Amino acid sequence: MFLGYLQKEVPQIPFHKFIIRTLTVKEKIEVGLLTKPYLDTVGFNRAWKAATVAAGLVSVDGRELIAGNKNINSLQQRYDYVVDNWYDIVIELLYNEIDDLETRSI
């Protein structure tokens with residue numbers, strides 16, 4: 001079922017085309033598991049937002065962030081890429097857009 005599935009392009013980031021979507025239940029659980037080590041730290045909020053963005057990101061400039069493979073956990077790879085290469089402002093913008101989609105789907 002695709003009830004609750006929403007997708008959109010994020011217009012606020014110039015020179016790039018980011019497509020985001022709402023998360024599945026499994027992805028929300030994986031975000032929780034992925035960020036659990038940071039639960040009682042000042043970095044938890046950043047980890048949560050980065051993991052949510054990694055899970056909800058469909059494409060950047062028409063390409064997947066990390067090529068999908070059903071035999072590996074691609075969320076972990078996407079999360080590692082996001083935290084290693086992106087800055088707070090991009091993650092914050094994308095997180096807010098995903099959060100808006102989640103609210104709209106409810």
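Criteria and cut-off values
Residues numbered from 1 in each chain as written. Predicted model: local features only at pLDDT ≥ 70, side-chain atom pairs only at ≥ 80, totals over all residues. Heavy atoms only, no water. Salt bridge = Lys/Arg side-chain N within 4 Å of Asp/Glu carboxyl O. Helix = DSSP H or I, 4+ residues; strand = E, 2+ residues; numbered from the N terminus. Buried < 20%, exposed > 50% of the residue type's maximum accessible area, 1.4 Å probe, protein only. Contact = heavy atoms within 4.5 Å.

On to the pattern of salt bridges, then. Oppositely charged side chains can pair when the atoms bearing their charge come close. Inspection of every chain in the model, using the stated rule, returns 5 salt bridges. The salt bridge involving Lys-8 is made with Glu-97; its shortest N-O contact spans 2.5 Å. Separated by 89 residues along the polypeptide, Lys-8 in strand β1 (residues 7-10) and Glu-97 in helix α4 (residues 88-105) bring together distant segments of the chain. With a closest N to O distance of 2.8 Å, Lys-49 and Glu-92 form a salt bridge. Residue Lys-49 is located in helix α2 (residues 44-56), and its partner Glu-92 is located in helix α4; the two are separated by 43 residues in the primary sequence. Given a relative accessible area of 14%, Lys-49 falls into the buried group.

Residue position: Arg-78 is located in helix α3 (residues 74-85). We classify Arg-78 as buried; its relative accessible area is 13%. A sequence separation of 23 residues divides Arg-78 from Ala-55, and the C-alpha atoms of the two residues are 7.6 Å apart. Once residues lying within four places of it in the same chain are set aside, the contact partners of Arg-78 are Ala-54, Ala-55, Leu-65 and Ile-66.

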